Amino acid sequence: MSNIIERSADNIRILSASMVEKAKSGHPGGAMGGADFVNILYSEFLNYDPDDGTWKNRDRFFLDPGHMSPMLYSILHMAGYYSMEELENFRQWGSHTPGHPEVNQRKGVENTSGPLGMGHTNAVGSAIAERFLVSRFGETHAHKSYAFISDGGIQEEISQGAGRIAGYLGLHNLIMFYDSNDIQLSSKTSAVTKEDTAMKYKAWGWNVMTIDGNNADAIRQALKNAVQEKERPTLIIGKTIMGKGAVTEEGSSFERQTSTHGMPLSEAGASFAKSIENLGGDPENPFVVFNDVKSHWEKINENKRQAVKVKKEEASKWEKENPELAHKLNDFYTGRIPEIDFSAIEQKKNIASRAASGAVLAHFAEKIENIIVASADLSNSDKTDGFLKKTKQFVKGDFSGAFLQVGVSELTMGAIANGMALHGGVIPVCGTFFVFSDYMKPAVRLAALMELQVIYVWTHDAFRVGEDGPTHQPVEQEAQIRLLEKLKNHSGHRSILVLRPADAMETNVAWKMALENTKTPTALLLSRQNIPDIPAKSNRYEEALGAEKGGYVVYKDDGKIDIVLLGNGSEVSTLYEGAMLLKERKGLKVQVSSVISEGLFREQTENYQEEVIPSELPKLGLTAGLPVSLEGLTGPKGKSIGMESFGYSAPAKVLDEKLGYTGENVYKKAVEFLKL
């Protein structure tokens, strides 16, 4: 038996090295060293359905070092998800085997990976989602989340947040293998670190084992111990050999060489042909699964099918015994939520949009059972505590609540939210100050790339943070995040929805849009300071529904319009005030338009866009961000007024006066613009 196990692992090494060699680019060394672990994990421990990669009760496997994709594709070929032709097309246009894996759960790829540290943090989110669901639906729906991490992922700062949170929550359903081969892309790990990784994870409350990561028996025993652990997440530190099996033309070992990390064996200094021969393959025909290995995996996959059949029968029995819970669980996974009457969510007059958001979240806490809200130690300030007050935070052994206190770790929070969304069955929401979205950007970008429904509550959206000063006052952040609205995902759609509501009722509508936007992330940019409500012609909520088209007219005089004032968020009420002054003092006819999302607005019909922002009329925009945020809307004949420096420490009202964010200054700038 041990011989076929070794043959199978060597076959994975051959396929991995061959994929990189044929593509003339990639990372063979790590894949060759990690082959033993994935070989044992998939063949003996991982519960998967060879015929259905989306089976919801499957164990999840999250690859962190995406550069080790050849290893993942090779083992997924053994598991029945990838064809040999797909492996041969590694890194080629249109292939299902890109250089770094892109989420494709149907084919066994649970996450898009590449930026180190993200993948294992996704696994933490997956493990949290699983505990959340098990607490509501029972152990029938329990499963494991496995992660594979490398030296680089351990070094990335995000690993601290992931390790701390997983240990604090006692995620015993999380098992991580650390491929510790002492080699990085450009150096040995000894050149950059002296830390005792085992002690670090033990300090966080993990179950830690150190083994020979190329020894099948040691891997098997470690995984057995990890599966039996009921109190702590497990870290298996596997001391592996970079480029295991690689040799030179003369036949001497070329293992443990830094060069094999990031280039084909033949370019790294090894002999590709001799290495394939050394591993038992044919260098003239390396894309082959040995006959005995093929038979071995056929038996494994048939056993998996039988095990899945038993689990599906258990689930079916549970559904018959618990019809209401079964219906609810199905709703969770299909994304169906109870109908929410957003017009009935009461809001106080003239409040901050963060406070309005808190009221909406409080309503959700009583209506939507599969929302998980997280905050980076700011729940009482970003007003996600509206939700927290009606539930409780997760703690070790108790996931009956729905709130995750992540502490001060925004990037970790974003990646955990991605893992929750990838797991399925839950809607993750995460809150912090907008200026700290800078810390979250890599996770936000991956959420956009993976097309995940993650909702960001980013409050304190402008310089009106006030006395806290420029370190806490976002200026360029809105322009940055709105760039993603201009970028399409691989489905050809806008990659994110960014909403900056103008008042409380528009905040209700923005939340409605966020819940309905199931195909991409949504960012809500919310004010710290109170905002005057936009005067209603009849029913403010009904009028605010115009935001569902990205932009709409909030005020318009009768007759021929002289100037269009446009913006979003807090500035809309300021523009309205300026419009009244222009009307009163100059007799001008003015239109005020609120454009909550330029990306969404540009998807409307040309006629509608023309109605909201007439192309031939003078246009003046006001933004609390960089002027470029509105220049696409004001156009070449218009003018966008915005911040041209960092903010300053002073009370919000003083800053409005000093920086020109008043109705009086809107009036002044409009008169100058029109040359009246």
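Rules used in this analysis
- Residues numbered from 1 in each chain as written.
- Predicted model: local features only at pLDDT ≥ 70, side-chain atom pairs only at ≥ 80, totals over all residues.
- Heavy atoms only, no water.
- Helix = DSSP H or I, 4+ residues; strand = E, 2+ residues; numbered from the N terminus.
- Buried < 20%, exposed > 50% of the residue type's maximum accessible area, 1.4 Å probe, protein only.
- Contact = heavy atoms within 4.5 Å.
- Areas by Shrake-Rupley, 256 points an atom, 1.4 Å probe, with all protein chains shown as cover.
- Expected span 1.5 Å × (residues − 1).
- Core = buried A, V, L, I, M, F, W, Y, C linked by side-chain atoms within 4.5 Å.
- Pairing = 2+ DSSP bridges.
- Axes fitted to C-alpha atoms, helices over the stretch in contact; angles between N-to-C directions.
- Patch = residues over 30% accessible without salt bridge, like charges linked within 9 Å, V, L, I, M, F, W, Y side chains within 5 Å.
- Salt bridge = Lys/Arg side-chain N within 4 Å of Asp/Glu carboxyl O.
- Lys, Arg positive; Asp, Glu negative; His and termini not counted.
- Charge placed at Lys NZ, Arg CZ, Asp CG, Glu CD.
- Left-handed = near helix turned anticlockwise from the far one by under 90°.
- Nonpolar A, V, L, I, M, F, W, Y, C, P; charged D, E, K, R; others polar.
- Parallel < 35°, antiparallel > 145°, perpendicular 65-115°, else oblique.

Visitor: Account for the overall build of the chain, with residues named and values stated.
Guide: Helix and strand counts for the chain stand at 26 helices and 16 strands. A buried classification covers 62% of the 676 residues belonging to the chain. Relative to all contacts within the chain whose residues are 6 or more apart in sequence, the contacts with residues 24 or more apart total 77%. Looking at the chain as shown, the accessible area adds up to about 26,500 Å², and 48% of this sits on carbon and sulfur atoms.

Visitor: Give me helix α14 (residues 353-367): which residues, what numbers.
Guide: With 15 residues, α14 extends 21 Å from end C-alpha to end C-alpha; this agrees with the ideal 21 Å at 1.5 Å per step. The complete set of buried residues in α14 reads S353, R354, A356, S357, G358, V360, L361, A362 and F364. In the core, the buried residues of α14 are packed alongside β6 (371-375), α15 (385-388), β9 (455-459) and α19 (504-516).

Visitor: Residues and numbers for the nonpolar core, please.
Guide: The biggest cluster of nonpolar side chains holds 140 residues, and the ones touching the most others in it are I128, F364, L404, W511 and L565. Here this core gets 9 residues from one element, more than from any other, and that element is helix α5 (residues 118-137). Among all residues touching L565, those that are not within four sequence positions of it are L575, A579, L582, V590, Q591, V592, S593, L620 and V666. In terms of nonpolar packing, the next biggest core, distinct from the first, is built from 61 residues, L63, Y81, F177 and I219 among them.

Visitor: Summarise the pairing of strand β15 (residues 619-622); cite the residues concerned and give the values.
Guide: Alternating positions in β15 separate into two faces, K619 and G621 on one and L620 and L622 on the other, with burial throughout. The pairing of strand β13 (residues 563-567) with β15 spans 4 bridges and is parallel. For L565, the partnering residue across the bridge sits in β15 and is L620. The pairing of β15 with strand β16 (residues 639-641) spans 3 bridges and is parallel.

Visitor: Give me the lowdown on the sheet that holds β6, citing residues and values where you can.
Guide: Ordered by their spatial adjacency, 6 strands build an open sheet running β7-β6-β8-β9-β11-β10, and the pairing between neighbours is parallel. Edge positions in the sheet fall to β7 (403-405) and β10 (497-499), since each of these pairs with one other strand and no more. Within the sheet, the average angular offset between the axes of one strand and its neighbour, ignoring direction, is 20°. Strand direction decides the pairing type here: strand β8 (residues 427-433) and β9, joined by 5 bridges, are parallel. Pairing of T432 across the sheet is with W458, part of β9. In the packing of helix α16 (residues 410-423) onto the sheet, contacts are made with β6, β7, β8 and β9, and the angle to β8 comes to roughly 170°. With respect to the sheet, α19 is in contact with β6, β8, β9, β10 and β11 (522-525), its orientation differing from that of β9 by roughly 150°.

Visitor: Give a description of the sheet that holds strand β14 (residues 590-594) that names residues and reports values.
Guide: Pairing is mixed in the open sheet, where 5 strands are placed in the order β12-β14-β13-β15-β16. For this open sheet the edge positions go to β12 (552-556) and β16, each flanked by a neighbour on one side alone. Looking at each pair of strands side by side, their axes are set apart by 25° on average, direction ignored. Contacting β13, β15 and β16, helix α26 (residues 663-674) runs over the sheet at an angle of about 150° to β15.

Visitor: Please give an account of unusual backbone geometry that cites residues and values.
Guide: Phi is positive for N350, which is not a glycine, with a value near 55°. Mapped onto the elements of the fold, N350 is located in the loop between α13 (323-334) and α14. N350 gets classed as partly exposed once you look at its relative accessible area, which sits at 37%. Although it is not a glycine, K383 sits at a positive phi angle of roughly 65°. Turning to its location among the elements, K383 is positioned in the loop between β6 and α15.

Visitor: Now, about a negative patch on the surface: what can you tell me, with residues and values included?
Guide: A grouping of E249, E250, E277, D282 and E284 is seen on the molecular surface, where their side chains present a negatively charged patch. Along the chain, E284 falls in the loop between α11 (272-278) and α12 (291-321). Note on E284: relative accessible area 72%, which makes it exposed.

Visitor: Talk me through the pattern of salt bridges; I want residue IDs and the actual numbers.
Guide: Side chains carrying opposite charge are able to pair once their charged atoms draw close together. Using the criterion set out here, one finds 38 salt bridges in the structure. Salt-bridge contacts for D36 lead to R13; the nearest nitrogen and oxygen are separated by 2.9 Å. With D36 in helix α2 (residues 28-45) and R13 in helix α1 (residues 2-23), this residue pair connects regions lying 23 residues apart in the sequence. D36 sits in the buried class, given a relative accessible area of 9%. Among the salt bridges present, the one from K583 reaches D557, with a minimum N-O distance of 3.2 Å. Note that K583 is positioned in helix α21 (residues 571-586) and D557 in the loop between β12 and β13, a separation of 26 residues in sequence. The exposure class assigned to D557 is buried, which follows from its relative accessible area of 8%.

Visitor: So what about the packing of α2 against helix α3 (residues 69-78)? Which residues, and what values?
Guide: At a minimum axis separation of 9 Å, α2 and α3 run at an interaxial angle of 35°. Remark: the crossing between α2 and α3 carries right-handed chirality. Residue-level inspection shows A31, G34, A35, V38, N39 and Y42 of α2 in contact with α3, the latter providing P70, M71, L72, I75 and L76. Class assignment for the residues of the contact of α2 with α3 results in 9 nonpolar, 2 polar and no charged.

Visitor: Report on helix α7 (residues 158-169), specifying residues and quantitative values.
Guide: Between the first and last C-alpha of α7 there are 17 Å, a value that for 12 residues agrees with the 16 Å anticipated at 1.5 Å per step. Looking only at α7, the buried set comprises I158, S159, G161, A162, G163, I165, A166, G167 and L169. One or two positions beyond α7, positive phi appears at G170, with a value near 60°.

Visitor: Please provide a residue-by-residue account of the packing of α1 against α3, values included.
Guide: Where α1 meets α3, the closest approach of the two axes is 9 Å, and the angle between their N-to-C directions is 125°. With respect to each other, α1 and α3 are oriented oblique. In this structure, the crossing between α1 and α3 has a hand that is right-handed. Together, S8, N11, I12, L15, S16, M19 and V20 of α1 and P70, M71, Y73, S74, I75 and M78 of α3 make up the contact between the two elements. Residues that form the contact of α1 with α3 fall into these classes: 9 nonpolar, 4 polar and no charged.

Visitor: Can you lay out the environment of P501 for me, pointing to particular residues and giving the numbers?
Guide: Inspection of the secondary structure puts P501 in the loop between β10 and α19. Excluding residues within four positions of it along the chain, P501 makes contact with S353, E506, T507, A510, L525, L526, G569, S570 and I596.

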